[in-house]
Amino acid sequence: MSESTAQPLETNGVYLCPVCRHGQIAPMVLMDTYACNFCRHIFSLDVVHQTARLEDSAMPFRWQWTGTHWRSLNRPPVTLTYTAIILAILLITLPPALIWLAYRTFPPLDPRTHWFPLFWVGLTFLAHLLIVLRIFAGLLPVSFIGSCFYRRSRSVP
């Protein structure tokens, strides 16, 4: 199967294994299931919803076919709480505040380097801000992020 062209999930197709990402899953003979030729996991495919479910595990692992690769549906929904927001604000402001306090308490001896502690405060603020933004971006649902940047050309039923 070509990686460059998007194709829908079909009952007689051969696809990359979503578990090991090395082998290929193909229909099993005389069965309504699929198996990987590398890791030997057994799957059931739902062609209507374009999903695969791992059948030989006690945990309900599922993936959705995007047309070129598998997208995991296994992450539980995560909500943003007030505690997380307060911790994020502390992570963004506390380290630069401590550096600024040290700068004000113990100023540099050389007047030519008075800019460096302030530069370090700004750099620390930006680094911690990027960390928090990256964490919060991971908490947003993928459909929300996609709708912010892309327009859908056709409606999905």
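Parameters and conventions
Residues numbered from 1 in each chain as written. Predicted model: local features only at pLDDT ≥ 70, side-chain atom pairs only at ≥ 80, totals over all residues. Heavy atoms only, no water. Helix = DSSP H or I, 4+ residues; strand = E, 2+ residues; numbered from the N terminus. Contact = heavy atoms within 4.5 Å. Expected span 1.5 Å × (residues − 1). Buried < 20%, exposed > 50% of the residue type's maximum accessible area, 1.4 Å probe, protein only. Core = buried A, V, L, I, M, F, W, Y, C linked by side-chain atoms within 4.5 Å. Salt bridge = Lys/Arg side-chain N within 4 Å of Asp/Glu carboxyl O. Patch = residues over 30% accessible without salt bridge, like charges linked within 9 Å, V, L, I, M, F, W, Y side chains within 5 Å. Areas by Shrake-Rupley, 256 points an atom, 1.4 Å probe, with all protein chains shown as cover. Pairing = 2+ DSSP bridges. Phe/Tyr/Trp six-rings, centres within 6.5 Å; stacked < 30°, edge-to-face > 60°.

A. Structural view of the side chain of Thr-124. Of note, Thr-124 is situated in helix 2 (residues 115-139). Residue contacts for Thr-124: discarding those within four places in its chain leaves Pro-95, Pro-96 and Ile-99.

B. Looking closely at helix 1 (residues 82-105). End to end, helix 1 covers 33 Å across 24 residues, agreeing with the expected 34 Å (1.5 Å per residue, within 8%). If you check which residues of helix 1 are buried, you get Ala-88, Ile-92, Pro-96 and Tyr-103.

C. Main features of the nonpolar core. Counting 13 residues, the largest nonpolar core has Leu-9, Tyr-15, Ile-25, Phe-43, Leu-45 and Trp-70 as its most contacted members. Looking at this core, the elements with two or more residues in it are strand 3 (34-36), strand 4 (42-46), strand 5 (51-54) and strand 6 (62-65). Other than its neighbours up to four places away in sequence, Phe-43 contacts Cys-17, Pro-18, Val-19, Ile-25, Thr-33, Tyr-34, Cys-36, Arg-53, Leu-54, Glu-55 and Trp-63.

D. Quick look at unusual backbone geometry. Its identity is not glycine, yet Arg-40 carries a phi of approximately 65°, on the positive side. Among the secondary structure elements, Arg-40 is positioned in the loop between strand 3 and strand 4. At Gln-50, a position not held by glycine, the phi torsion is positive, near 60°. Following the sequence through the fold, Gln-50 ends up in the loop between strand 4 and strand 5.

E. Geometry of the pattern of salt bridges. Under the criterion given, the structure shown has 2 salt bridges. The partner of Glu-55 in a salt bridge is Arg-53, and the shortest N-O contact between them spans 2.9 Å. When its relative accessible area of 32% is taken as the criterion, Glu-55 is described as partly exposed. Under the relative-accessibility criterion, Arg-53 is labelled partly exposed at 40%. With its nearest N and O atoms 3.3 Å apart, the salt bridge here joins Arg-112 to Asp-110.

F. Structural detail: a nonpolar patch on the surface. A contiguous nonpolar patch, built from Leu-80, Tyr-82, Ile-85, Ile-86, Leu-87, Ile-89 and Leu-90 and spanning about 740 Å² of accessible area, is present on the exposed surface. Note that Tyr-82 resides in helix 1. The class of Tyr-82 is exposed, set by a relative accessible area of 71%.

G. Representation of the sheet that holds strand 4. Read across the open sheet, the 7 strands follow the order 1-2-3-4-5-6-7; overall the sheet is antiparallel. Edge strands, defined here as strands with exactly one partner in the open sheet, are strand 1 (15-16) and strand 7 (70-72). Bridging between strand 4 and strand 5 involves 4 bridges; their strand directions are antiparallel. Each bridged residue has a counterpart across the sheet, and for Ser-44 the counterpart in strand 5 is Arg-53.

H. Structural detail: the packing of aromatic side chains. The full count for this structure, using the stated rule, is 9 aromatic pairs. Three or more aromatic residues link up through ring pairs in this structure, and these residues are Trp-115, Phe-116, Phe-119 and Trp-120.

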